[in-house]
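# Summary of the model geometry
Here is how the chains run, residue by residue.
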Amino acid sequence: MIDYKNITFFPFLYLFICYIFISFPIVSFGNKQYTSIISPNINRLNFLIISLLLIIFLDFILSFSSLSGVITSLTNTDNFSYIYNDTINDNADKMTLGTNYLHIIASAFSDVLPFLFFYYLTLERKSKLILFFLLISLLHPLINTISYAGRNGLVVFILLLSSNYILFKNLYTKLNKRIIIMIIIFFGAFTVLTIMAITYARFSTGMQDDNSAIESVISYGGQSALNFNEYIFNTKAYSYGDNSFPLIRMILGLDYSNNPIIRQENWGYKMQIPVHIFYTLIGDLTLDFGPIITILLIIILSTGIYRKTKKNIGGIKVYDIFLIYFWFNISAQAIFYFMNKTIGGNIKIAVFVLMYIFMKRILYSSNKGVL
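The paragraphs below set out a description of the structure included in this document. (Residues numbered from 1 in each chain as written. Predicted model: local features only at pLDDT ≥ 70, side-chain atom pairs only at ≥ 80, totals over all residues. Heavy atoms only, no water.)

## Quick word on helix H16 (residues 318-331)
As a reminder, the rule being used: Only DSSP runs of H or I reaching four residues or more are called helices, and only runs of E reaching two or more are called strands; each is numbered from the N terminus. An expected span of 1.5 Å times one less than the residue number is assigned to each helix. Each residue is assigned to one of three classes by its accessible area relative to the maximum for its type, calculated with a 1.4 Å probe on protein chains only: buried under 20%, partly exposed between the two thresholds, exposed over 50%.
An ideal rise of 1.5 Å per residue puts 20 Å on 14 residues; H16 measures up with 20 Å between its terminal C-alpha atoms. With 13 of 14 residues buried, H16 lies mostly within the body of the structure.

Structure below.
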């Protein structure tokens, strides 16, 4: 356990102000009581969904060894500790650029499909077969996370399912609401049990140095903010995007770290603080750009998203909801760390942006009609 000796008031105040700005567009959008959506071109929507489903299920087939490994781990939970240890020792970043480009593409779209599933369920004209495969596709991010014995991704997955339900609940029939709640309860129970199994496995085999598994789980809820307070304002250097946006540095031809282990080795001695612990989303951005640029960046992005979604002339559109979903996807990570700070995670953000543009420019071009 970390011994905190330099806790002061101002870093907590700074965090609180940043959280207010981050949550503002989400809270503002949540106050809207919309009961209909201007429907996009259904044929283009189906084409988009089918294309993504083909990518996801082809990755399922070609990554069968990962799926079988997950099944083995669920039946013998001690295996989780060895998977986690192998991931660390091999400097393995499951979302960096490697040779398995199909897996990279499938993983980049894995957070888009839950949104499409929850929206597709609201349509009157829909294919039950597409809806079924969208439901099955929800397993993809779960298998990805479990395959390397991760825990944070499982928590965020449940948050995303819950947020999607909240975004679309006014559009569901009573039957659909019951179905959705049952799905969330099922995935929620499965996720909680898996997190417990992973945590127990790490500690039962002596591969974690903390005092106990229970203390580890409890500390996850608050240690990021404490770490931020203890270390961030004392750092001796900034990584100028290498921590959170290595893909941009790579595109610009700058030196970059292609996985977290290399990044820790490159920057730990320069910053003179531990770089292998959680600092919250705001902390990760601050490690890159400092507190002033970070809060300005958050204000600019939050204001931009709020302005894009505050007015819905003629009714709300799918891309408005998707933009809020994207922002929530990022904000849900704020309590732990910036989970999209790998190269693969940066690609996920790029995919969200491209999907927003696609929905706005393609799905709604020359289209009329209200759901």
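## Describing the nonpolar core
Heads up, the condition is: Nine residue types can take part in a nonpolar core, namely buried Ala, Val, Leu, Ile, Met, Phe, Trp, Tyr and Cys, and a core is a set of them joined through side-chain atoms within 4.5 Å.
Counting 96 residues, the largest nonpolar core has Leu116 and Phe168 as the members making the most contacts within it. For this core, the element with the most residues is H16, which contributes 10 residues.

## Here we look at the packing of helix H2 (residues 42-62) against helix H5 (residues 101-109)
The angle between the axes and the distance between the axes are what describe a pair of packed helices. What counts, and what does not: Here the axes come from fitting lines to C-alpha atoms, over the contacting stretch only for helices, and the angles between their N-to-C directions go from 0 to 180 degrees. Put simply, angles under 35 degrees are roughly parallel, angles over 145 are roughly antiparallel, angles from 65 to 115 are roughly perpendicular, and the rest are oblique. A clockwise turn of the near helix away from the far one marks a right-handed crossing, whereas an anticlockwise turn of less than a right angle marks a left-handed crossing. Throughout, a contact is declared for two residues whenever any of their heavy atoms are within 4.5 Å. We call Asp, Glu, Lys and Arg charged. Ala, Val, Leu, Ile, Met, Phe, Trp, Tyr, Cys and Pro are nonpolar, and the rest, Gly among them, are polar.
It is at 9 Å that the axes of H2 and H5 come closest, and there the two elements cross at 130 degrees. In terms of axis orientation, H2 runs oblique to H5. When the axes of H2 and H5 are compared, the crossing they make is left-handed. Here Leu52, Ile55, Ile56, Leu58, Asp59 and Leu62 of H2 lie close against H5, whose contacting residues are Leu102, His103, Ile105, Ala106 and Phe109. Within the contact of H2 with H5, the residues separate by chemical class into 9 nonpolar, 1 polar and 1 charged.

## Concerning the packing of aromatic side chains
Applicable threshold: Two rings from Phe, Tyr or Trp (for Trp, the six-membered ring) form a pair when their centres sit within 6.5 Å of each other. Planes less than 30 degrees apart are called stacked, planes more than 60 degrees apart edge-to-face, and all others tilted.
Under the criterion given, the structure shown has 26 aromatic pairs. Note on phenylalanine 57 and phenylalanine 133: the rings are 5.5 Å apart at their centroids and 85 degrees apart in plane angle, and the pair reads as edge-to-face. Remark: phenylalanine 133 occurs in helix H7 (residues 128-137) and phenylalanine 57 occurs in helix H2; sequence separation between them is 76 residues. According to the relative accessible area criterion, phenylalanine 133 is partly exposed, its value standing at 33%. Pairing phenylalanine 322 with tyrosine 325 gives two aromatic rings, centres 6.2 Å apart and planes at 45 degrees, and the pair type is tilted. Taken together, the residues span about one helical turn, with phenylalanine 322 and tyrosine 325 both in helix H16 at a distance of 3 residues.

## Comments concerning the environment of leucine 142
Its place among the elements puts leucine 142 in helix H8 (residues 139-147). The exposure class of leucine 142 is buried, given its relative accessible area of 2%. Here the alpha-carbon distance between leucine 142 and phenylalanine 157, two residues 15 residues apart in the chain, equals 7.6 Å. Those residues in contact with leucine 142, other than ones at most four positions away along the chain, are Leu154, Phe157, Phe187, Phe190 and Thr191.

These results come straight from atomic positions and should not be treated as a statement about function.
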